[in-house]
Structures are given as C-alpha cells and as structure tokens.
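This is what each chain is made of:
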Amino acid sequence: MQHQFGGPWTVEKLNALRAYLRAYAQALKNTSFHRIYIDAFAGTGDRSTNRQRTANLLDIPELDEMTKGSVRVALEIDPPFDRYVFIEKRQSRSSVLEHLRSEFPDRTIEILNEDANTAVQRLCREANWRTSRAVLFLDPYGMQVSWETLDAVAKTKAIDVWMLYPTGMGLNRLLTKDGEIPPEWQQALDRSLGCSDWRQAFYIVRETSDLFGELKNEMIKDAGTEKFESFLLNRLRTIFAGVAPVALPLKNSRGQVMYLLCFACGNTRGAEIAVRIAKSVINRRRR
C-alpha cells in the first residue's frame, strides 16, 4: 500500500517540526514530566512506503529524508518521548503503522484507529496533565480539525501544538467570491474556526447600482494570506497561553501559499520559551 502526499511544502513543515522537537527534547530532558508526542493524522508513517523501501535498499540518505513522514521524524528524536500516540482513522493506514513497533522496539507506541477529533479530546480528558507534557501535531487532509478539539487541547495547559491550516486548499476555496456560500460550507467554517466572525473578516459590503440606477448591497470577498494569518493567530490567542507571532507559509511549486503552519502553547509558565523557540524555527524558514 502506498501513502503518497505533499509537495515542496511537505519538506518545509517536517523540517520545522523536527527542529522544534529537538529543542523541546533538550529543554525537558532533565525534568520529571512524562513526555508525550501525539500525531493526530499519522497516515502510514512515511510519505510513500515504496519510496521509503527504495531509499533504504539503495542507501540514499537524501531520498530517505524526503520520504519520512511526521511519525518517523518524531520517533527519531533523541532523547525520545516517553510515549507516542499515533491516530489514524483509515484502517489500512493504521495497520501499516504497526511495523514501527518492531522497527523502534525501545519506544512506547500507541496506535489509535479512530477519528482524530474524538481521540484527541479523549486524551485531553484522560491524561494526567499535572505530571505530563505533550507536543501535538495536527496535519489534516482538509478542515477536519474542529475548534472544540483545539479548545480541549488549550484547556489542558500542557500541550504545545503545531497545526497545519489549509488556507489555499480549504479556507480560500470555501469562501466564494460573491459570498453565496452553501449552508454546509458555512457550518464547516464555523466548526473549524469556532466562530462566525469570518463573515465580517473576509467580506466587505459594497453599494452598487444596476442598469436602472437602483442601489443594492453586494458582498465582495476581501481575503488573502495576510488576512488569513492574522485571523487564525488571533483566534488561537483567545484560548492558548502563547501563540507564535507569525505562521510559516507553505507554498507549492508555483509560489502559491497552500497552508499556514501555526504554533500555540497551552502552558502559561512555559509559553514564553516555547513561543521563542517556535518563532526562531519559523523565522529561519519564512520567506
């Protein structure tokens, strides 16, 4: 089975995640916290299982690095996390993840074959967050992450979040030019953003006249990457203790921004250093 995905932005997001996890591991290695890594859309662990095998057989480090997914990136961090939770709704993909147990026998790996929102919210309720800290990576295929899930994560006051938000692939497409948005799309936007304020943020009302001189109000889309970034980061600031001041724009081969990689931290005491590290990671790659 192949799990192929991504483009130029995929390498960028994984490099950012790797850099943060390395810094996180060093910052907490001498603490007593039980450290957890949670990957809510784990896939198979690799970008393409066939390409991964080719890289291993031919001993091509560069190709091997390109084919790694976020799961493998996290498992290779040293010192390791105390627990790894990989969530994948699709049974065929979650089954492939099982091979990681033998490949990384010294890692405590838990594989959950269920909906990401349901699983993450349950983890937020059940874990002992007084003695645990976690990094959560949210890399959905679309706009599957609900605001309810982000709110549950923030309330633990113990989880650092890297979230890939599909602005070009999701948000921009749902925001029609004329503001005539199907009800189900509006519900998806409300569920993902946790509010209805996007209607005012991304549209302006302009007074126009028809051929007979009659005035009417017309909805005009007024949205772009900068507005998306400002809106998303401000929304995250309403629930998280710390949010990186900028997001990392991830572009396709034509230079179009497809995603924004955002960082937020739930722990009040650790927010300053976490945001400082995340900001440094983002600024080194932002262009």
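In this report, the structure presented in the accompanying data block is examined. (Residues numbered from 1 in each chain as written. Predicted model: local features only at pLDDT ≥ 70, side-chain atom pairs only at ≥ 80, totals over all residues. Heavy atoms only, no water.)

## Concerning the packing of aromatic side chains
Here's step 1: For the coordinates displayed, the defined rule picks out 13 aromatic pairs.
Here's step 2: Note on Y20 and W162: the rings are 5.5 Å apart at their centroids and 70 degrees apart in plane angle, and the pair reads as edge-to-face. Linking Y20 in helix α1 (residues 8-28) with W162 in strand β5 (residues 159-165), this pair joins segments that are 142 residues apart in sequence.
Here's step 3: Aromatic pair F81 and Y84: ring centres 5.8 Å apart, planes at 70 degrees, arrangement edge-to-face. The exposure classification of F81 matches that of Y84, with both residues buried.
Here's step 4: An aromatic cluster is built from Y20, Y24, Y37, F81, Y84, F86, W162 and F263, whose rings are joined through pairwise contacts.
Here's step 5: When the ring centre of F33 is taken as origin, the NZ or CZ atom of R133, which lies over that ring, is 4.1 Å away.
Here's step 6: A cation over a ring is seen here: R235 above W147, with NZ or CZ 4.4 Å from the ring centre. (Phe/Tyr/Trp six-rings, centres within 6.5 Å; stacked < 30°, edge-to-face > 60°. Helix = DSSP H or I, 4+ residues; strand = E, 2+ residues; numbered from the N terminus. Buried < 20%, exposed > 50% of the residue type's maximum accessible area, 1.4 Å probe, protein only. Lys NZ or Arg CZ within 6 Å of the ring centre and 35° of its normal.)

## Some thoughts on the nonpolar core
Here's step 1: Counting residues in each nonpolar core, the largest one holds 50 residues, and the members touching the most others are I87, L136, L138, L175 and W198.
Here's step 2: In this structure, L175 is in contact with I181, L189, W198, F202, Y203, K221 and F228, ignoring residues within four places of it in sequence.
Here's step 3: Y20, V71, Y84 and Y259 belong to the second-largest nonpolar core, a separate cluster that totals 41 residues. (Core = buried A, V, L, I, M, F, W, Y, C linked by side-chain atoms within 4.5 Å. Contact = heavy atoms within 4.5 Å.)

## Observations concerning the pattern of salt bridges
Here's step 1: On inspection of all chains with the given rule, the structure shows 11 salt bridges.
Here's step 2: E98 is paired through a salt bridge with R101; the nearest N and O atoms lie 2.7 Å apart.
Here's step 3: The network of salt bridges with shared partners includes E114, R122 and E126. (Salt bridge = Lys/Arg side-chain N within 4 Å of Asp/Glu carboxyl O.)

## Some thoughts on unusual backbone geometry
Here's step 1: Backbone torsion omega between D78 and P79 reads 0 degrees, so that peptide bond is classified as cis.
Here's step 2: Here P79 lies in the loop between α4 (70-75) and β2 (83-87).

## Side note on the environment of F263
Here's step 1: Its location among the elements puts F263 in strand β10 (residues 257-265).
Here's step 2: For F263, a relative accessible area of 0% corresponds to the buried category.
Here's step 3: Once the C-alpha coordinates of F263 and A274 are considered, the two residues, 11 residues apart in sequence, prove to be 9.2 Å apart.

## What about the packing of helix α9 (residues 167-174) against helix α10 (residues 183-193)?
Here's step 1: Closest axis-to-axis distance for the α9/α10 pair is 10 Å, and the angle between their directions is 125 degrees. Of the possible angle classes, the one that applies to α9 and α10 is oblique. For the crossing formed where α9 meets α10, the hand is left-handed. When α9 is examined against α10, the residues L171, R173 and L174 are found in contact with a partner set consisting of W185, A188, L189 and L193. (Axes fitted to C-alpha atoms, helices over the stretch in contact; angles between N-to-C directions. Parallel < 35°, antiparallel > 145°, perpendicular 65-115°, else oblique. Left-handed = near helix turned anticlockwise from the far one by under 90°.)

## Concerning the packing of helix α7 (residues 116-126) against helix α8 (residues 147-156)
Here's step 1: In contact at an axis separation of 9 Å, α7 and α8 are set at 20 degrees when each is read in the N-to-C sense. It follows that α7 is roughly parallel to α8 by the angle criterion. Considering how the two elements wind past one another, α7 and α8 form a crossing that is left-handed. Between α7 and α8, the residues in contact are N117, V120, Q121 and C124 and E148, T149, A152, V153 and T156, respectively.
Here's step 2: Split into classes, the residues belonging to the contact of α7 with α8 amount to 4 nonpolar, 4 polar and 1 charged. (Nonpolar A, V, L, I, M, F, W, Y, C, P; charged D, E, K, R; others polar.)

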